[in-house]
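Structure assessment
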Amino acid sequence: MYKTVQVKDIIIGEGAPKICVPITGETLPRLIAEAEQVRTLDLDLVEWRVDFYEHADDIEMVKKTLGELRAALGDMPLLFTFRTSEEGGQREIMPADYVALNQAVAATGQVDLIDVEWFNKEQHVRELAEAAQAAGVRVILSNHDFDKTPPAEEIVSRLCRAQELGGDIVKIAVMPNSMADVLILLEATNRMKEQYADRPLITMSMTGRGVVSRLAGELFGSALTFGSAGRSSAPGQVPVGELRGILSLLHSELTKG
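Computed from a prediction, not measured in an experiment: that's the story for all the values here.

1. Quick word on the packing of helix α1 (residues 28-38) against helix α2 (residues 59-73)
Following both chains from N to C, one finds α1 and α2 inclined at 25°, their axes separated by 9 Å at the closest point. What the angle tells us is that α1 and α2 run roughly parallel. Like other packed secondary-structure pairs, α1 and α2 cross with a definite hand, here right-handed. Contacts between α1 and α2 involve Leu28, Leu31, Ile32, Ala35 and Val38 on the former and, on the latter, Thr65, Glu68, Leu69, Ala72 and Leu73.

And the structure:
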């Protein structure tokens, strides 16, 4: 049975894909400025990409900054993500430190979701998911391939595995080396949604070549997309204003039957 995920007033997995905009400031003043900017935009969630932050390796500084960021964002849903260098992020982190950071942040009650890279050790993934969910925080289990697009069967297998590991939402992002790769990602997304998904999934093909995957999620089964409000956190993100217009148009046409 397919279950949506509710985060505050946002229901992920229902209707048009929800829009998440990353903020990537290296310093607290820059983060607050970005928070004030995104509050003026038409979006659904904000992602703090903490791996860009200058004090990302200091848990107490991260928690202090999170408090100020939470105040600046008001009641806007917040996703916390430390993207490791192995999966396209800005810095390396020891596995034990990765677990400790995410557990500490989830325990603050100031984030609504955390992103957990599920290619970490299974024990760490399960520990993080269970600790976050016990604190009332939803978990996105994510995987990124910045080199290639795996075969459709492999994409579906990874998403199914992420479901088994207990994520509330499962996610994969891949690199297209041809337009055929984009079609592989879309076909795998559709197959996953139609045959195996029991919770929301997020899929995307990166760079400009894969931009259609960020726009057509409602057609194929992806429940959330990432837009930009300045500096992008991944290749191919569409400015949020343009993104909302396109998603709304597609949703309107789909609901006509």
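2. A look at the packing of helix α3 (residues 95-107) against helix α4 (residues 122-134)
α4 packs onto α3 with a crossing angle of 10° between their chain directions and a minimal axis gap of 9 Å. Comparing their axes, α4 and α3 come out roughly parallel. Along the contact surface, α3 presents Pro95, Tyr98, Val99, Asn102, Gln103 and Ala106, while α4 presents His124, Glu127, Leu128, Ala131 and Ala132.

3. Description of α4
Relative to the 18 Å expected for 13 residues at 1.5 Å per residue, α4 spans 18 Å between its end C-alpha atoms, a close match to the ideal helical length. Taken together, the buried positions of α4 are occupied by His124, Val125, Leu128, Ala129 and Ala132. Buried residues of α4, seen end-on, are gathered within an arc of 125° and therefore sit on one face of the element. Pointing more than 90 degrees away from the buried face of α4 are the exposed residues Gln123, Glu130 and Ala134. Next to the buried residues of α4 lie α3, β6 (113-117) and β7 (138-145). Two residues or fewer after α4 comes Gly136, characterised by a positive phi angle close to 80°.

4. Thoughts on the UniProt feature "binding site: 3-dehydroquinate" (unreviewed entry) in the protein chain
The positions that UniProt labels "binding site: 3-dehydroquinate" (unreviewed entry) are, in the present scheme, Glu47, Trp48, Arg49, Arg83, Arg214, Ser233 and Gln237. Here Gln237 lies in the loop between β10 (224-228) and β11 (238-239).

5. Let's talk about the pairing of strand β5 (residues 78-81)
Going residue by residue along β5, you find Leu78 and Phe80 tucked away on one face and Leu79 and Thr81 tucked away on the opposite face as well. By the bridge criterion, four bridges tie strand β4 (residues 45-49) to β5 in an arrangement that is parallel. Looking at the pairing, Arg49 lines up with Thr81 of β5. With respect to chirality, the unit in which β4 leads through α2 into the neighbouring parallel β5 is right-handed. Pairing analysis gives two bridges linking β5 to β6, with the strands arranged parallel. Looking at the pairing, Phe80 lines up with Ile114 of β6. In this fold, β5 hands off to α3, which returns the chain to β6; that crossover is right-handed.

6. Describing the sheet that holds β5
In spatial order, the strands read β9-β8-β7-β6-β5-β4-β3-β10-β11; together these nine strands make up an open sheet with parallel pairing. Looking at the sheet topology across the chains shown, the edges are occupied by β9 (201-205) and β11. Summarising the sheet, β7 and strand β8 (residues 169-174) pair through six bridges and their orientation is parallel. The residue of β8 that forms the bridge with Asp145 is Val174. Relative to β4, α2 is tilted by about 155°, and along the sheet it contacts β3 (18-23), β4 and β5.

Parameters at a glance
- Residues numbered from 1 in each chain as written.
- Predicted model: local features only at pLDDT ≥ 70, side-chain atom pairs only at ≥ 80, totals over all residues.
- Heavy atoms only, no water.
- Axes fitted to C-alpha atoms, helices over the stretch in contact; angles between N-to-C directions.
- Helix = DSSP H or I, 4+ residues; strand = E, 2+ residues; numbered from the N terminus.
- Parallel < 35°, antiparallel > 145°, perpendicular 65-115°, else oblique.
- Left-handed = near helix turned anticlockwise from the far one by under 90°.
- Contact = heavy atoms within 4.5 Å.
- Expected span 1.5 Å × (residues − 1).
- Buried < 20%, exposed > 50% of the residue type's maximum accessible area, 1.4 Å probe, protein only.
- Arc of directions from axis to C-beta.
- UniProt positions renumbered as here; feature names shortened; annotations may be inferred.
- Pairing = 2+ DSSP bridges.
- Right-handed = clockwise from strand over helix to strand, strands pointing away.

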